[in-house]
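Coordinate inspection notes
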Amino acid sequence: GEHDHSIVARQIGMLRQRIVLTKRMQACGVLSFFVCTISMFAIFLGGQTFGVVCFGFSLVLLSLSLLYSLYEIVISTNAINVELEDFEERHKTK
């Protein structure tokens, strides 16, 4: 009934959030490794300052990726809790 619709709507909302977060997490992670590679190449070619700046930027991107991952874990845990609440409510009335 309406309760089931509410549960599904909450789950869909959380899934959409998780998809966005996963895309951002992966983009930041890939960019982090790419910028880190540029950093190593710059240092290899003697561009110490540029290499260090690139490496610092790659660390920022990696940190962002980890934060997106952490937030996605929180949302997925909430999604499991929604399912558990629904399960408990269904079995409480029987």
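Overview of the structure. All of these numbers come straight from a predicted model, not from anything done at the bench.

A closer look at the packing of aromatic side chains
Centre-to-centre distance and the angle between the planes together describe a pair of aromatic rings. Applying the stated criterion across every chain yields a total of one aromatic pair. Ring centres 6.4 Å apart and planes at 25 degrees place the aromatic pair Phe-41 and Phe-44 in the stacked group. Of this pair, Phe-41 and Phe-44 are both found in helix α1 (residues 2-44), three residues apart, which corresponds to roughly one turn of the helix. Given the relative accessible area of 51%, Phe-41 is considered exposed. Since its relative accessible area comes to 66%, Phe-44 is described here as exposed.

Concerning a nonpolar patch on the surface
Taken together, the side chains of Phe-57, Val-60, Leu-64, Leu-67, Leu-70 and Ile-73 make up a nonpolar region of the molecular surface, amounting to roughly 560 Å² of accessible area. With respect to the helices, strands and loops of the structure, Ile-73 is situated in helix α2 (residues 48-92).

What counts and what doesn't
Residues numbered from 1 in each chain as written. Predicted model: local features only at pLDDT ≥ 70, side-chain atom pairs only at ≥ 80, totals over all residues. Heavy atoms only, no water. Phe/Tyr/Trp six-rings, centres within 6.5 Å; stacked < 30°, edge-to-face > 60°. Helix = DSSP H or I, 4+ residues; strand = E, 2+ residues; numbered from the N terminus. Buried < 20%, exposed > 50% of the residue type's maximum accessible area, 1.4 Å probe, protein only. Patch = residues over 30% accessible without salt bridge, like charges linked within 9 Å, V, L, I, M, F, W, Y side chains within 5 Å. Areas by Shrake-Rupley, 256 points an atom, 1.4 Å probe, with all protein chains shown as cover. Salt bridge = Lys/Arg side-chain N within 4 Å of Asp/Glu carboxyl O.

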